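Residues per chain are reported as follows:
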Amino acid sequence: MLVRTLSGTPPRSVLPKGTVDTQMHMYLPGFPAQPGGPDLPAGSLPTPDQYRQVMGWLGIDRVVITQGNAHQRDNGNLFACLAEMGDIARGVAVIDAETPEAELDRLANAGVVGARIMDLPGGAVGLGTLEAVDARAGARGWMLAVQFDGSHILEHESRLARLKSRWVLDHHGKFFSGVIPESPQVAAVKRLIDKGNCWFKFAGCYESSKSGGPSYEDIAAVARDVVAHAPERIVWGTNWPHNLARQNADYPDDAALTDTVLGWLPDAGARKLALVDNPEALFGFAPFRGGV
């Protein structure tokens, strides 16, 4: 399906130079799934060369590789992927209160700039360790990628508001119960953004949309509202290789999905913020100079 997608019509959207894909997973042979998490992607593993094709096809220059749930707290695959991709890549790892400082040093030297909180089935480290991971990340200037069912954000808002690290609310907030721009959950997102250290990630809209593709109008309505509130706090990711959709007839066409999601940004200025400037601030990339 990936080959079919890449041989189709390229996206209409022209991504600005320096674009960062802030959400994707990568897998290399020799790193098996760990107990407690999901299996590795079904079938042949998506390869780094296939992702490089996606980068060239869409116009991506830099990437953030997020530790997949299949590998739980074993960051070995992430180390290998960062080495494979080189200086254009940064990583988001899984750590906890017990991770040795020497391991954190190794992660930082490899290009890791963040830690993942995943409070959904299969996640390795959930909200129960939020403050401990925040303390470890904050001490190193790392960010946090936080993912949970945003339908419950009001229950967690006070804890999230106290985070010291820069952090991003993943996957459009994953409001599994559904929200509209006027919902109190969206008001909570805006309050958290207004604290000054929270970003909002456009990625994986198909995982929580109730209206479905190709337009994902329920996610689009909230996305447009949040970007109007704070265009300087939006980042974007492909969510390649779309693990939860790989065996689904609705596996997204990356070109069409890119056009749809970037269409929720109001103008070229907001697009450059979301694709270049904002991820540089959140993930610590140097300003793009035409090479990395």
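Bear in mind the structure is a predicted one, so any value in this text is a computation, not a measurement. (Residues numbered from 1 in each chain as written. Predicted model: local features only at pLDDT ≥ 70, side-chain atom pairs only at ≥ 80, totals over all residues. Heavy atoms only, no water.)

Colleague: Looking at this structure, I do not really get the pairing of strand E4 (residues 112-118). What am I missing?
Modeller: For a regular strand, the rule is simple: side chains alternate between the two faces of the sheet. Counting buried residues in E4 gives seven out of seven residues, a clear majority hidden from the surface. Pairing analysis gives three bridges linking strand E3 (residues 89-93) to E4, with the strands arranged parallel. Paired with Gly-91 across the strands is Val-112, a residue of E4. As defined by bridge partners, E4 adjoins strand E5 (residues 143-147) across five bridges and the pair is classed as parallel. Note that in E5 the partner of Arg-116 across the bridge is Ala-145. With helix H5 (residues 130-140) bridging E4 and the parallel E5, this β-α-β connection has right-handed handedness. (Buried < 20%, exposed > 50% of the residue type's maximum accessible area, 1.4 Å probe, protein only. Helix = DSSP H or I, 4+ residues; strand = E, 2+ residues; numbered from the N terminus. Pairing = 2+ DSSP bridges. Right-handed = clockwise from strand over helix to strand, strands pointing away.)

Colleague: For this particular structure, what's the right way to read the sheet that holds E5?
Modeller: Two orientations exist for strands paired in a sheet by backbone hydrogen bonds: parallel and antiparallel. As summarised here, the arrangement of the eight strands in space is E1-E2-E3-E4-E5-E6-E7-E8, forming an open sheet in which the pairing is parallel. Edge positions in the open sheet fall to strand E1 (20-24) and strand E8 (234-236), since each of these has one partner strand only. Across the sheet, the axes of successive neighbouring strands diverge by a mean angle of 25°, strand direction being ignored. (Axes fitted to C-alpha atoms, helices over the stretch in contact; angles between N-to-C directions.)

Colleague: Looking at this structure, how should I read the pattern of salt bridges?
Modeller: Side chains that differ in sign of charge can pair as their charged atoms come close. Applying the stated rule across the entire model yields 16 salt bridges. Residue Glu-280 pairs with Arg-62 through a salt bridge whose shortest N-O separation is 2.8 Å. Linking Glu-280 in helix H10 (residues 268-283) with Arg-62 in strand E2 (residues 62-66), this pair joins segments that are 218 residues apart in sequence. One salt bridge connects Asp-170 with Lys-201, and the closest N-O pair in it is separated by 2.5 Å. Within this pair, whereas Asp-170 is found in the loop between strand E6 (166-169) and helix H7 (184-193), its partner Lys-201 is found in strand E7 (residues 198-202), the two being separated by 31 residues in sequence. Side by side, Asp-170 and Lys-201 carry an identical accessibility label, which is buried. Taken together, the salt bridges that share partners define one network made up of Glu-101, Asp-105, Arg-136 and Arg-140. (Salt bridge = Lys/Arg side-chain N within 4 Å of Asp/Glu carboxyl O.)

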